[in-house]
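What follows is each chain in one-letter form.
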Amino acid sequence: MTGGLRERKKARTRAAIRRHALRLFRENGYQRTTVEQIAAAAEVSPSTFFRYFPTKEDLILQDDVDTQVVEAFERQPAGLKPVAAFRAALREVAGSFSQADLDVIRETTALIRADPEIRARATDEFARMITVISEALARRSGRPADDLAVRAIAGGFIGVILSITLPVEGWPGVEGLPGDDQAIIAMFERLDQALALLEAGLPL
Amino acid sequence: MTGIAGASQDRPDGLRERKKARTRAAIREHALRLFRENGYQRTTVEQIAAAAEVSPSTFFRYFPTKEDVVLQDDMDTRMVEALERQPADLSPLSAVRAAVRDAFASYTEADLEVIAETTLLSMTVPEIRARATDEFARTIGIIGEALAKRAGRPADDLAVRTAAGAIIGVMMSLTMPWHGWTSDMQTVEDLFGRIDQALALLEAGLPL
């Protein structure tokens, strides 16, 4: 990325805010932790907090794995078909997770499943993700971002991710939170298998 | 799963089921009318129940929250019923496409108005949008169950879940640019035409 120093500083601030927030959520509970407390712990002002995260919920929902995946997606060879390129991007990102990344994923996934307020904000986050992925696909293919095929692909990705990560009544495995690193890695492996099925036209 | 899953199975005790479906439709009809007249936020569950001549506790037996009156438009139930009627030799996606087409063909003028109204409300009222993620999860579950039955696989099979998730995902992608949505952007017919095209793309493995 260009403008490297400033971008890196911003990424560090963002990570620090999230780290302190997750610690405070662990110690005091999500509901009882205020934005003011998080900002104070991360040594930023509340208005700086809101420049990084529009709401407290977004701190959980925007876990930056999506940004990494979109960046990796843009790096894939132009000859790869969209689903294949998305799979390659996810594998690349999942293969480079640090311990800190895994901890963030584990904690944010648990909070999303447990807290209705966070899930309430998730709808807007899904809409945003579909648009972000559509824009990346549009750049790859030279088609407009609101093209039907472009939006369908982005929607297909997000739908598959939902089916793997959201609590669906009666489906085992989802109420059990990803308790350890192994479970998170297994979750990404299931996602890769699911995308392979998407690539194959969803045979049953 | 909530009450409608039960209502979708046409049991021999059809009379009771039909009565329940009528009550549900009456509650929705009065709710949508009150939302039109007084606005969504200013309409209470008590007012809806009174207009539909049921008690608030009966309301909550049909709809867990006020948002669900809008989100659970029963079109998923209609689609699942249509899906169960499709020939067994159709591929899952072909069967879903045929089911969506059959469901659309069965819509009355009143159904189309309900769909147009509930779609617009889902797009524009933050409280309803907030509940939508749980509704996506519920619908993925319902479609997954129907696909599992067709395929003779367990409902938590990865291929079943993936198909159900992708189907809901493409529908989300066509209905979800929440910002700047206006009701005249697309008719319900256009929307269903686009959904059919998107499902065809899913079946082809999402080429571009």
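The structure displayed is predicted, hence computed values, not measured ones. (Residues numbered from 1 in each chain as written. Chains lettered and ligands numbered in written order. Predicted model: local features only at pLDDT ≥ 70, side-chain atom pairs only at ≥ 80, totals over all residues.)

## Section: the overall build of chain A
Across its full length, chain A carries 10 helices and zero strands. Secondary structure of chain A in N-to-C order comes out as α-α-α-α-α-α-α-α-α-α. Scaling as 2.2 N^0.38, a compact globule of 204 residues should have a C-alpha radius of gyration of about 17 Å, and chain A matches this with 18 Å. Counting across all 204 residues of chain A, residues that qualify as buried make up 35%. Within chain A, counting contacts between residues at least 6 apart in sequence, those at least 24 apart form 59% of the total. (Helix = DSSP H or I, 4+ residues; strand = E, 2+ residues; numbered from the N terminus. Rg over C-alpha atoms; globule rule 2.2 N^0.38 Å. Buried ≥ 20, exposed ≤ 12 C-beta atoms within 10 Å, placed from the backbone. Contact = placed C-beta atoms within 7 Å.)

## What about the overall build of chain B?
The number of helices and strands found in chain B is 11 helices and zero strands. Ordering the α and β elements of chain B from the N terminus gives α-α-α-α-α-α-α-α-α-α-α. Per-residue burial for chain B yields a buried fraction of 40% across its 208 residues. Partitioning the intrachain contacts of chain B with sequence separation of at least 6 by distance along the chain shows that 64% fall at a separation of at least 24.

## Regarding helix α9 (residues 148-165) of chain A
Compared with the 26 Å implied by 1.5 Å per residue over 18 residues, the 25 Å span of α9(A) between its first and last C-alpha is a close match. Where burial is concerned, most of α9(A) is hidden: 15 out of the 18 residues are buried. (Expected span 1.5 Å × (residues − 1).)

## Some points on helix α8 (residues 109-124) of chain B
For an α-helix, the turn length of 3.6 residues means that residues three or four places apart are oriented alike. All names here are of chain B. Helix length check: α8 (16 residues) gives 23 Å between terminal C-alpha atoms against 22 Å at 1.5 Å per residue, within 8%. By the burial criterion, the buried members of α8 are V114, T118, L121, S122 and M123. Packing partners of the buried residues in α8 comprise α2 (14-38), α5 (66-71) and α9 (126-151).

## A short note on the nonpolar core
One finds I167(B) and L202(B) to be the most contacted residues of the largest nonpolar core, which totals 103 residues. A domain-level breakdown of this core finds at least three residues from each of domain 1 (4-53) and domain 2 (59-199) of chain A. (Core = buried A, V, L, I, M, F, W, Y, C linked by C-beta atoms within 7 Å. Domains from an automatic or database assignment.)

## Structural notes on the interface of chain B and chain A
Listed as interface residues are 47 residues of chain B and, on the opposing side, 46 residues of chain A. Contributions of two or more residues to the side of chain B that touches chain A are made by α7 (92-106), α9, α10 (158-175) and α11 (188-203) of chain B. The element that contributes the greatest number of residues to the side of chain B that touches chain A is α10(B), accounting for 16 residues. Residues of the side of chain B that touches chain A, tallied by class, amount to 32 nonpolar, eight polar and seven charged. (Nonpolar A, V, L, I, M, F, W, Y, C, P; charged D, E, K, R; others polar.)

## Examining the domain arrangement of chain A
Residue and element names in this part refer to chain A. In terms of domain boundaries, chain A breaks down into domain 1 (4-53) and domain 2 (59-199). Each of domain 1 and domain 2 was reduced to a C-alpha centroid, and the two centroids are 23 Å apart. Counting residues at the interface gives six residues for domain 1 and six residues for domain 2. In terms of residue class, the side of domain 1 that touches domain 2 is made up of five nonpolar, no polar and one charged.

## Some points on the environment of A88(B)
With respect to the element layout, A88(B) can be found in the loop between α6 (75-84) and α7. Separated by 63 residues in the primary sequence, A88(B) and A151(B) place their C-alpha atoms 8.6 Å from one another.

## Brief notes about the packing of α6(B) against α9(B)
All names here are of chain B. Contact geometry of α6 with α9 gives a least axis separation of 10 Å together with a crossing angle of 10°. In this view, α6 runs roughly parallel relative to α9, as classed from their interaxial angle. Taken together, the residues of α9 that come into contact with α6 (itself represented by D76, V80, L83 and E84) are T139, I142, I143 and A146. Considered class by class, the residues forming the contact of α6 with α9 number five nonpolar, one polar and two charged. (Axes fitted to C-alpha atoms, helices over the stretch in contact; angles between N-to-C directions. Parallel < 35°, antiparallel > 145°, perpendicular 65-115°, else oblique.)

## Topic: unusual backbone geometry
The phi angle at E43(A) is positive, at roughly 60°, despite the residue not being glycine. Within the secondary structure, E43(A) sits in the loop between α2 (35-41) and α3 (46-52). According to the C-beta neighbour criterion, E43(A) is exposed, with 11 such atoms within 10 Å. Phi at E53(B) is positive, roughly 60°, even though this residue is not glycine. Here E53(B) shows up in the loop between α3 (45-51) and α4 (56-62). Using a count of 11 C-beta atoms within 10 Å as the deciding quantity, one classes E53(B) as exposed.

## Concerning the confidence of the model for chain A
Residue and element names in this part refer to chain A. For chain A, the mean per-residue pLDDT works out to 87, and 92% of the residues sit at or above 70. Across chain A, element-level confidence peaks in α2 with a mean pLDDT of 97 and bottoms out in helix α7 (residues 99-114) with 84. Here residues 172-176 is modelled with pLDDT under 50, and outside its nearest four sequence neighbours on either side it reaches five contacts, counting other chains as well. (pLDDT = per-residue confidence, 0-100.)

## Describing the confidence of the model for chain B
All names here are of chain B. Counting all residues, the mean pLDDT for chain B is 86, and 89% of those residues have values of 70 or more. Across chain B, element-level confidence peaks in α3 with a mean pLDDT of 97 and bottoms out in helix α1 (residues 3-8) with 40. pLDDT under 50 marks residues 1-10. Its contacts with residues more than four places away, or in other chains, come to 17 contacts. Per the prediction output, this complex has pTM 0.84; the corresponding ipTM is 0.84.

## Here's the deal with the environment of L59(A)
All names here are of chain A. By the secondary structure assignment, L59 is in helix α4 (residues 56-61). Separated by 49 residues in the primary sequence, L59 and T108 have C-alpha atoms spaced 8.8 Å apart. L59 has contacts with R18, A21 and F53, leaving out every residue within four places of it along the chain.

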